[in-house]
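If you want the building blocks of each chain, they are given just below.
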Amino acid sequence: MDIKLKIIFICTFILITSCKHKEDDYHNITDKIEDLSKDFKGVPISSDKYTETLKKVEVTENWQRFYIPERKSQIKSFECSECHSKPLYELQGEENIEKSHWDISLKHANLATMDCVTCHSENNMDELHSITGKRIDFNLSHKLCAQCHQNQFKDWSGGAHGKQIGGWAQPRVSQTCVGCHDPHKPGFEKRWPARYNVHMVDERK
Amino acid sequence: MKVLINLIKDSLVYLTHGRRSYHFWMAFLTFLMLIGMYSYSLQLEHGLSVTGMNDRVSWGLYISNFTFLVGIAAAAVMLVLPAYVLKDFDFKQAVLIGEGLAVAALFMCLAFIIADMGGPARLWHMIPGIGVFNFPNSMLTWDVLALNGYLFINISIPLYILIMRYQGKTPNPKIYIPGVMISVFWAVSIHLVTAFLYQGLQARPFWNNALLGPRFLASAFTAGPALIILVLAMIRKFTDFKIEDKTIQKIALVVTVAAQINLIMLISELFKEFYAPTHHSESAYYLFFGLHGKAKLVPWIWTAISMNVLATVILFFHKLRNNFTVLYFACTLLFIGIWIEKGFGLIVPGFIPGPWGKIAEYFPTLTEVGVTIGIWAMGAFIFSILARTGIAIELGKLKYKK
Amino acid sequence: MNKGIKKWFSLNLGNKKQSNCGCSGSNCDGEVSGNKKDGISQVFDVDMNRRQAFKKITAGLMIGAGAVSTSCSVVSGDESKEKSQIEWEEYFKGNYKLMTDEEKDKTVNRLVRSYELRLGEKINISSKNAIDDVLFGYAFNISKCQGYMDCVNACVKENNQDRASEMQYIRIHEMNDGKGLNFGEADDSYYHEVPAQGHFYMGTQCFHCDNPPCVEVCPVQATWKEKDGIVVIDYDWCIGCRYCMAACPYDGRRFNWSTPQIPEQEVNKDQHYLGNRLRKKGVMEKCTFCIQRSRKGQNPACVEACPTGSRIFGNLLDPDSEVRWVLANKKVFRLKEDLGTEPKFWYFMD
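The shown structure was predicted, so the numbers you read here are calculated from the model rather than taken from an experiment.

What counts as what
- Residues numbered from 1 in each chain as written.
- Chains lettered and ligands numbered in written order.
- Predicted model: local features only at pLDDT ≥ 70, side-chain atom pairs only at ≥ 80, totals over all residues.
- Heavy atoms only, no water.
- Contact = heavy atoms within 4.5 Å.
- Buried area = accessible area lost by both parts, 1.4 Å probe.
- Salt bridge = Lys/Arg side-chain N within 4 Å of Asp/Glu carboxyl O.
- Polar contact = N/O pair within 3.5 Å; in protein donor to acceptor, adjacent residues only side chain to side chain.
- Helix = DSSP H or I, 4+ residues; strand = E, 2+ residues; numbered from the N terminus.
- Nonpolar A, V, L, I, M, F, W, Y, C, P; charged D, E, K, R; others polar.
- Buried < 20%, exposed > 50% of the residue type's maximum accessible area, 1.4 Å probe, protein only.
- Core = buried A, V, L, I, M, F, W, Y, C linked by side-chain atoms within 4.5 Å.
- Pairing = 2+ DSSP bridges.
- Lys, Arg positive; Asp, Glu negative; His and termini not counted.
- Expected span 1.5 Å × (residues − 1).
- Patch = residues over 30% accessible without salt bridge, like charges linked within 9 Å, V, L, I, M, F, W, Y side chains within 5 Å.
- Areas by Shrake-Rupley, 256 points an atom, 1.4 Å probe, with all protein chains shown as cover.
- Phe/Tyr/Trp six-rings, centres within 6.5 Å; stacked < 30°, edge-to-face > 60°.
- Lys NZ or Arg CZ within 6 Å of the ring centre and 35° of its normal.

## A few points about the interface of chain C and chain A
Listed as interface residues are 67 residues of chain C and, on the opposing side, 49 residues of chain A. Of the roughly 5,000 Å² buried at the junction of chain C and chain A (both faces included), carbon and sulfur atoms supply 55%. Summed over the three residues of chain C that lose the most area to chain A, namely Y191(C), E322(C) and W325(C), the buried surface amounts to 14% of that side. Applying the counting criterion to the chain C and chain A interface returns five salt bridges. Here K330(C) and D155(A) are joined by a salt bridge, their closest N and O atoms 2.8 Å apart. Counting across the chain C and chain A interface gives 26 residue pairs in polar contact (both at pLDDT 80 or more). If you list the elements that add at least two residues to the side of chain C that touches chain A, you get β2 (136-141), α6 (150-159), α10 (301-305), β10 (311-315), α11 (322-329) and β12 (345-348) of chain C. Its residues assigned to classes, the side of chain C that touches chain A shows 27 nonpolar, 16 polar and 24 charged.

Below, the structure written as structure tokens:
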């Protein structure tokens, strides 16, 4: 009887001590995130070291404040007014003028919606304009795209569309629309995948 | 201590002498073990890529054999229960054989685990104190404790009994009965813990059901005693050890009942998988009927099931069960059938299809088979040694001379 | 009896002629008796039984091994002694999770030195700990993924995986429109122009669960969840039992079935102990959210490489991060949520 009692005691002890305990008491991850971010004061890492050499512009869209890379200094032939010294219709009449931009084909929307002057101001090639004719700076060209592409713009301002430059840490530096999409031909072409896993195919034969 | 040394010396001399058939048997086993060692050296050199396992089916022949042998080890000791608790003395003869079988099976289990490890040199990482032992979270650690504890009990209790007999004294029941009682309960738990290893994985719906543990126990108590019957038959033939018909008949009864329970559990599983098939039944479909044209395991499982059904039906009839030739045939069928079922019918289909539904089939390579054969030979070798020594002591052939 | 014992236990080199075989039923030590043979026959025609042969072969092997090891230590200089010293210390070190910062630095230095001694190249292994107030999360836009697999390439380049078995942490599945998230009928080894008509694409990898089943089952705690939420593996502690692989519902883990082969010029030398340092055969590995990059504030290689911007990574505890914005404003879901693993990898659509 003594032995049996000892055995029962040992078994009970093992059972009790082996009850699984969770590290934290959160029911799911969203509860945990909510609780742990209550007194979030920032992290000691910043994206600055990866974006130091990049020229940035600060923007505030949809109550989100972030940086975008400066655009004007990256356009090869900016300022446009160096060639476009006169209004367009005057330039078109002149003889002996060199043809530029012959390689730009507009493959964006149909002709009823868009042509060159939808975005570019004839009389001031250094700036763009909105549907209502308000001036839009080349550095803030996303305001132009936002007119038609509302959903993408909303997502982009939150960080859900497009690429981030400089890593995940604050301050956020988002790539602009034109950083990925050529405004004259914004769609991505079809292509072949970057690799083919022969080993995996063999494994499944 | 002196007694132990003498026992070892005497048994070594005794073991190296015997009939020609004995030497032939041991030489054959040694040859198989050398094959196993060579195959294992290949595996150590090149890594586990010499086996047929891959990222989809990451456990194969080794773990299948391990699972099966844990069952054998568990069942071997279940025979101890009637002998000591029910005071059925017919069983007493079977006890030492059973415990010897359990020890051999356990050594095989440990060998299979070591063979399956990717880094066997780092196994010391599991030792509590100098390594990290993830108890109680990991079921593997429970299994390690259970198996090693069981091995310790199964070595120490028979060793005590044998040393006493060797000296011509009677073993003291007060010492070995508690050990025997513990080993009986422990036997059930080792197989349950091994079952829980698989049962607890929510990622593998083929295993994640409530019936896995009981199914393991039922098939273990079928295959284990079946093997014991076959072993007792051989002992009757080759040694002077007297084993009564009654003993074998009683063990046969255990096998019959366990086989019937095993069949009922199989029917229950089949019903669950095929009455209202869900996404989780895909593994069962692959196993029994093939999936998307892949059907490597289908012949295996149907062979196993037919063997099991045939044997269960045979054993159902008293006349057939008491005819020892038929009995041995049925036991062989059961042993092989359950080996297939536990290995190819349980471990491998648990991994197919993979987590994203991809099917990569598995079949063992020659190296894997080589290591497996080597380890089975090692188990048979160990058992032959233990059985021969044990029987010699029981028959009084080996006596301690002061 | 005593003579019998002595016969079996003493190393009989076949010199003495046994006239009286006292053994029963077993082979006597076979000896050449009677006929005289010439030198060559004397060596090659000696009757041997298996036991004798085994003894002689073992003796030969032991002598040979001893000779080799002695010659090595005589010829070897300080370099190989240092190599052995490093290997010895590395074998007996403990679990990385339990190391102090000092011990972590020591092991990292040993690994860097060992690589230098073996290959003559300098690498950089970091043992940077988790940053406070950071919990990494990931969001994947299945409307944007076009199946390019640029992420897979970047991951392999960044993380030093085995080239021979084409080990890839990321899988891109080509799913069928209208069939929903039916992975069984999806194809992850396609090779045609993408995006293909009638299909959409989604990627899977280790989801760094918050309740990871792989961590639960590891018998030696070689894998654990770090404070910043990344589930990591200590490659030197892993014993290769592959229990974690059986436990992962998302096919997140990869095993090194053989020694990983990476061409020397493709080795990424910016490494982290828990991340992309070079592994050995018989250990588990997996996506670590590019721990060597993310702990420095960079995005993982897959996020960086994706040309369509489908992958979003960030700090879940920062209310201003992009990934938090996605969770708050997009309709997100996770895979196999009913399993209770709480993965930190969300999917959403435009």
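## As for the interface of chain C and chain B
Think of interface size as the accessible area that goes away when the parts come together; that is how it is often given. The interface of chain C with chain B comprises 56 residues on the first partner and 48 residues on the second. Each partner contributes to the roughly 4,500 Å² buried at the junction of chain C and chain B, and carbon and sulfur atoms together form 58% of this total. Considering only the side of chain C, the residues that lose the most area to chain B are I239(C), Y243(C) and W257(C), jointly responsible for 17% of the buried surface there. Inspection of the chain C/chain B interface yields two salt bridges. Between D116(B) and R242(C) there is a salt bridge; the shortest N-O distance is 2.6 Å. Remark: the boundary between chain C and chain B carries 31 residue pairs in polar contact (both at pLDDT 80 or more).

## Overview of unusual backbone geometry
The linkage connecting F135(B) with the following residue, P136(B), adopts the cis geometry, with an omega of 0°. On the secondary structure map, P136(B) appears in the loop between α5 (92-116) and α6 (139-166). Looking along the chain, the bond that leaves I352(B) and enters P353(B) is cis, with omega of -5°. As for its placement among the helices and strands, P353(B) is situated in the loop between α13 (324-350) and α14 (366-394). Notably, M149(C) is not glycine yet its phi reads approximately 65°, a positive angle. In this structure, M149(C) sits in the loop between β2 and α6. Phi at F289(C) is positive, roughly 50°, even though this residue is not glycine. Relative to the assigned elements, F289(C) resides in the loop between β9 (284-286) and α9 (291-294).

## A few points about the pattern of salt bridges
Tallied over the entire structure, the rule returns 45 salt bridges over all chains. For the salt bridge of E58(A) with R65(A), the shortest nitrogen-to-oxygen distance reads 3.0 Å. For R65(A), a relative accessible area of 63% translates into the label exposed. With its nearest N and O atoms 2.5 Å apart, the salt bridge here joins D236(C) to K280(C). Note that D236(C) is positioned in the loop between β6 (231-233) and α8 (243-247) and K280(C) in the loop between β8 (270-272) and β9, a separation of 44 residues in sequence. Taking relative accessible area as the criterion, D236(C) reaches 13% and is therefore assigned buried. Shared partners join several salt bridges into a network, and the residues in it are E89(C), E90(C), K93(C), R110(C), D234(C), D236(C), R277(C) and K280(C).

## A few points about the nonpolar core
By size, the foremost hydrophobic cluster in this structure holds 125 residues, and its most contacted members are W59(B), I72(B), Y198(B), W207(B) and Y243(C). Residues within four places of Y198(B) in sequence aside, it is in contact with W59(B), I63(B), F66(B), T67(B), W207(B), L212(B), F216(B) and I347(B). By size, the runner-up hydrophobic cluster in this structure holds 59 residues, among which are M99(C), F140(C), Y201(C) and C287(C).

## Considering the sheet that holds β10(C)
With respect to topology, four strands assemble into an open sheet ordered β10-β2-β12-β11 (chain C), the strand pairing being mixed. Across the chains shown, the open sheet's two edge strands, defined by having one partner strand only, are β10 and β11 (332-333) of chain C.

## A look at the side chain of K104(C)
Residue and element names in this part refer to chain C. Along the chain, K104 falls in helix α5 (residues 101-119). This buried residue, K104, is left without a salt bridge; D101 holds the nearest opposite charge, at 4.1 Å. The residues touching K104, leaving out its near neighbours within four places in the chain, are Y96, M99, S127 and N129.

## Focus: helix α1 (residues 2-15) of chain B
Spanning 14 residues, α1(B) covers 20 Å between terminal C-alpha atoms, matching the ideal 20 Å at 1.5 Å per step. Three or more residues of α1(B) are buried, namely V3(B), N6(B), L7(B), S11(B), V13(B), Y14(B) and L15(B).

## Quick notes on a nonpolar patch on the surface
On the surface, F9(A), I10(A), F13(A), I14(A), F135(B) and L145(B) cluster together into a nonpolar patch covering about 590 Å² of accessible area. Here the element with the most residues in the nonpolar patch is helix α1 (residues 2-17) of chain A; it accounts for four residues. Here L145(B) is to be found in helix α6.

## So, the pairing of strand β4 (residues 199-204) of chain C
In regular strands, side chains alternate between the two faces of the sheet. Residues and elements named next belong to chain C. Counted residue by residue, β4 has five buried out of six residues, so it is predominantly covered. Inspection of the sheet shows strand β3 (residues 171-176) paired to β4 by six bridges, in the antiparallel sense. Within β4, the position partnered with N176 by the bridge is H199.

## So, the packing of aromatic side chains
Following the criterion strictly, the structure yields 53 aromatic pairs over all chains and no others. Ring centres 4.8 Å apart and planes at 75° place the aromatic pair F255(C) and W257(C) in the edge-to-face group. There is no split in this pair, since F255(C) and W257(C) are both buried. Note that R388(B) overlies the ring of Y22(B), its terminal NZ or CZ placed 4.0 Å from the centroid.

As far as function goes, none of this settles anything; it's purely spatial.
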